[in-house]
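# What the coordinates show
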Amino acid sequence: MRNPLGGCLKVTEAGMTRRCWISIVVLCIFLGSIATEGMAAVEREKLLTDPGVYATFAIFKMEEDWWKLDKAVRASTSESVKAVFAKHSDRVITDTYLVRGISEKADFMVRLHATDLIHNQNFLLDLMSSPLGKYLRNLQTYKGITKKPTYAALFPEDLKAALKAPAEPGSKPYAIVIPVRKDAAWWNTEVEGRIQMLREHAEASVPYLRTVKRKLYHTTGLDNLDFITYFETAHLEDFNNLVLALQRVKEYRYTVHTGNPILVGTIRPLEDILEVLAR
Ligand code: HEM
């Protein structure tokens, strides 16, 4: 008779066969890895949806000297970069984006989320002092905090329901980051007026919910900005039309700064980015 442990019922005088022990060890490792992966996924999901999470967007360009190094030397720095990501993975969740080839301004961007800004800082300190990091120019570092929606809970029920429309399935390879600052008149507008204007903003956006995923970060007082807006899409034309639609609503008149820069990149695993930097 066989069982899932592969022959454990055939017991030796010593109690168990060697095969049986190996099977148990393999099974434990397998179950352990499922549990760890599951926990990591939960943690990631939590950090990406919870309020009170600190995000840092660090935008980098390689120094000219980097490209003059031998390919093999550049490739040899990859492991130390991967080690930095691994070292901080229990505190910081990371997303990497390739910007090179889309913009001349930057080569790549890293988005970090943690329950404390200092964890993001420690990650970046290690990255920037790694062998590859010494060739990095840190062009911009945006930081923000996630919050519960300020206005959406006060929208009419039909709009609240419309905002829950699921995004279309499939990958969304493009990421767009747009920093936003509003003027003093906005912050001094009565709350009813702001709800009404954000309602118009949301109504204009609803047609794009299926193809554009969004995330909002608050940054007032942490930077010379009020918001970092982050989007993912497979359809850049939709995104273009969405922004045009939003520029026509009254709320936009209070925006004194959008972009500068607007950052567009493709969502890529770290390995892909390191491979491009070693080409
Ligand atoms: C699918 C597209 C979009 C949808 C469904 C959407 C929806 C919303 C909603 C419901 C809010 C209110 C959040 C709250 O209650 O605190 C909001 C806020 C905001 N959105 Fe959008 N939005 C979209 C795209 C955009 C784009 C493309 C931009 C800028 C380029 C943008 C900029 C902002 C900003 C800056 C805020 C914060 C406003 C404030 O609190 O004063 N949104 N958005």
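In this text the structure is predicted, and so the values were computed from the model without any measurement. (Residues numbered from 1 in each chain as written. Predicted model: local features only at pLDDT ≥ 70, side-chain atom pairs only at ≥ 80, totals over all residues.)

## Section: the overall build of the protein
Across its full length, the protein carries ten helices and nine strands. Counting over 279 residues, the protein shows a buried share of 19%. (Helix = DSSP H or I, 4+ residues; strand = E, 2+ residues; numbered from the N terminus. Buried ≥ 20, exposed ≤ 12 C-beta atoms within 10 Å, placed from the backbone.)

## Quick word on the site of the ligand
Every one of the 23 residues lining the ligand counts as a neighbour, but Pro149, Thr150, Tyr151, Ala152 and Ser205 are closest to it. Listed by contribution, the elements that provide at least two residues to the shell around the ligand are strand 5 (174-182), helix 8 (191-205), strand 6 (212-218), strand 7 (227-233) and helix 9 (236-247). The element contributing the most residues to the shell around the ligand is helix 8, with four residues. Within the shell around the ligand, the residues separate by chemical class into 16 nonpolar, five polar and two charged. (Near = placed C-beta within 6 Å. Nonpolar A, V, L, I, M, F, W, Y, C, P; charged D, E, K, R; others polar.)

## Considering the nonpolar core
Counting 34 residues, the largest nonpolar core has Phe57, Ala58, Ile59, Val99, Phe108, Met109 and Val177 as its most contacted members. Contributions of two or more residues to this core are made by strand 1 (54-62), strand 2 (93-98), strand 3 (108-114), helix 5 (117-128), strand 4 (136-145), strand 5, strand 7 and helix 10 (270-277). Among the elements that line this core, the one with the most residues is strand 1, at six residues. Residue assignment places this core across two domains, with domain 2 (54-143 + 267-277) and domain 3 (152-265) each supplying three or more. When sequence neighbours within four positions are dropped, the list of residues in contact with Ile59 reads Ala106, Met109, Leu139, Gln140 and Leu263. (Core = buried A, V, L, I, M, F, W, Y, C linked by C-beta atoms within 7 Å. Domains from an automatic or database assignment. Contact = placed C-beta atoms within 7 Å.)

## A short note on the packing of helix 4 (residues 78-87) against helix 5
Where helix 4 meets helix 5, the closest approach of the two axes is 9 Å, and the angle between their N-to-C directions is 165°. Our classification of the angle between helix 4 and helix 5 gives roughly antiparallel. The crossing of helix 4 and helix 5 is right-handed. Residue-level inspection shows Val81, Val84 and Lys87 of helix 4 in contact with helix 5, the latter providing Phe123, Asp126 and Leu127. Of the residues contributing to the contact of helix 4 with helix 5, the split by class is four nonpolar, no polar and two charged. (Axes fitted to C-alpha atoms, helices over the stretch in contact; angles between N-to-C directions. Parallel < 35°, antiparallel > 145°, perpendicular 65-115°, else oblique. Left-handed = near helix turned anticlockwise from the far one by under 90°.)

## Description of the pairing of strand 3
Each regular strand carries side chains that alternate between the two faces of the sheet. In terms of burial, strand 3 is a largely internal element, seven of the seven residues being buried. Here strand 3 shows two buried faces, one formed by Phe108, Val110, Leu112 and Ala114 and the other by Met109, Arg111 and His113. Pairing between strand 1 and strand 3: seven bridges, direction antiparallel. Paired with Tyr54 across the bridge in strand 3 is Ala114. Judged from the six bridges that link them, strand 2 and strand 3 form a sheet pairing that is antiparallel. Among the inter-strand pairings, Ile93 is bridged to a residue of strand 3, identified as His113. (Pairing = 2+ DSSP bridges.)

## Describing helix 10
Those residues of helix 10 not exposed but buried are Ile273, Leu274 and Leu277. Along helix 10, the residues classed as buried sweep out an arc of 100° about the axis, all on the same side. (Arc of directions from axis to C-beta.)

## A few points about the confidence of the model for the protein
Scored by pLDDT, the protein has a mean of 89; 85% of the residues are at 70 or more. Below a pLDDT of 50 lies the segment residues 1-13, which in the model reaches 17 contacts outside its immediate sequence neighbourhood of four places, other chains included. (pLDDT = per-residue confidence, 0-100.)

## Quick look at the environment of Leu112
Among the secondary structure elements, Leu112 is positioned in strand 3. On the basis of neighbour counts, which here come to 25 C-beta atoms within 10 Å, the residue Leu112 falls in the buried class. Taking the C-alpha atoms as reference points, Leu112 and Arg91, separated by 21 residues in sequence, lie 9.9 Å from one another. Non-local contacts of Leu112, meaning those with residues more than four positions away in its chain, are made with Ala55, Thr56, Val92, Thr94, Asn120 and Phe123.

## Quick notes on the environment of Thr56
Its location among the elements puts Thr56 in strand 1. C-beta crowding within 10 Å serves as the criterion here: with 22 such atoms nearby, Thr56 is assigned to the buried category. Spatially, the C-alpha atom of Thr56 lies 8.5 Å from that of Gln121, the residues being 65 residues apart in sequence. Once residues within four sequence positions are removed from consideration, Thr56 is found in contact with Leu112, Asn120, Thr141 and Lys143.

## Considering the packing of helix 8 against helix 9
At their nearest, the axes of helix 8 and helix 9 sit 9 Å apart, and the two run at 150° to each other. What the angle tells us is that helix 8 and helix 9 run roughly antiparallel. Of the two possible hands of crossing, helix 8 and helix 9 adopt the one that is right-handed. Here His201, Ala204 and Ser205 of helix 8 come into contact with helix 9, specifically with Leu242, Ala245 and Leu246. A class-by-class count of the residues in the contact of helix 8 with helix 9 yields four nonpolar, two polar and no charged.

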